[in-house]
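Notes for the structure review
Spelled out, the chains give:
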Amino acid sequence: MPAPSQDVLKEIFNLYDEELDGKIDGTQIGDVARAAGLKPTQAMVVKASGQEFKRKGEKRITFEEWLPIYEQLSKEKEQGTYADFFEGLKVFDKEETGKILAAELRHILLALGERLSADEADELLKGVEDGEGMVKYEDFIKKVLAGPFPDQD
């Protein structure tokens, strides 16, 4: 997929400009990069921006300040392949059935690595749990890798 043009990036950036002052909140740097098609981790965002913004309202960023951060993030290699995720979740599949407990997967998402909020975890787990409270992790990984809009190319 080709990188979006600067005009398209500016449009995406402006969608996050809640105060209509030509700036976004520092906490939204990664969100805007993700909306523009990148998949940076929070650690990558912190590294590229040179600092971490923990509280909303701490600092506002202009498009001109955000663009070099976006360009830096676009040079990063893709994070995590299907095989990486499969091996990581297989560890929790004690019976080697290809399934893990939905509650255990939720705990993993909330407690390990780059932690998700309860709402984010619930959104990811929506529709993947079977009647026995299990998740076929192969299908879960495919869902996650497909992204939030799997039907769009």
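Computed from a prediction, not measured in an experiment: that's the story for all the values here.

Another aspect to go through is the pattern of salt bridges. Taken as a whole, this structure holds 11 salt bridges when the rule is applied. A salt bridge links Glu18 to Lys56, with the shortest nitrogen-to-oxygen separation between them at 3.1 Å. Remark: Lys56 occurs in the loop between helix H3 (42-49) and strand E2 (60-62) and Glu18 occurs in the loop between helix H1 (6-15) and strand E1 (23-25); sequence separation between them is 38 residues. Assigned by exposure class, Glu18 and Lys56 land together as exposed. In this structure, Lys59 and Glu65 form a salt bridge, with 3.8 Å as the shortest nitrogen-oxygen distance.

Along its sequence, the protein is organised into domain 1 (6-74) and domain 2 (82-145). The centre of domain 1, based on its C-alpha atoms, is set 29 Å off from the matching centre of domain 2.

Right, let's get into the side chain of Asp17. With respect to the secondary-structure elements, Asp17 resides in the loop between H1 and E1. Residue classification places Asp17 among the buried positions, given a relative accessible area of 7%. Among residues more than four places away in sequence, those in contact with Asp17 are Gly22, Lys23, Ile24 and Arg60.

The subject of this paragraph is a nonpolar patch on the surface. A contiguous nonpolar patch, built from Tyr82, Phe85 and Leu145 and spanning about 240 Å² of accessible area, is present on the exposed surface. Position of Phe85 relative to the elements: it lies in helix H5 (residues 82-90).

Scanning all chains against the criterion turns up 6 aromatic pairs. Aromatic pair Phe13 and Phe63: ring centres 5.5 Å apart, planes at 75°, arrangement edge-to-face. Of the two residues, Phe13 is situated in helix H1 and Phe63 in helix H4 (residues 63-74); the sequence distance between them amounts to 50 residues. Here the two residues Phe13 and Phe63 agree in accessibility, since each one is buried. Measuring from ring centre to ring centre gives 5.3 Å for Phe86 and Tyr137, while their planes differ by 50°; the resulting arrangement is tilted. Here Phe86 is found in helix H5, whereas its partner Tyr137 is found in helix H8 (residues 137-146), with 51 residues between them in sequence. Grouping aromatic residues by their ring pairs yields a cluster made of Phe13, Phe63, Trp66 and Tyr70.

The rules we used
Residues numbered from 1 in each chain as written. Predicted model: local features only at pLDDT ≥ 70, side-chain atom pairs only at ≥ 80, totals over all residues. Heavy atoms only, no water. Salt bridge = Lys/Arg side-chain N within 4 Å of Asp/Glu carboxyl O. Helix = DSSP H or I, 4+ residues; strand = E, 2+ residues; numbered from the N terminus. Buried < 20%, exposed > 50% of the residue type's maximum accessible area, 1.4 Å probe, protein only. Domains from an automatic or database assignment. Contact = heavy atoms within 4.5 Å. Patch = residues over 30% accessible without salt bridge, like charges linked within 9 Å, V, L, I, M, F, W, Y side chains within 5 Å. Areas by Shrake-Rupley, 256 points an atom, 1.4 Å probe, with all protein chains shown as cover. Phe/Tyr/Trp six-rings, centres within 6.5 Å; stacked < 30°, edge-to-face > 60°.

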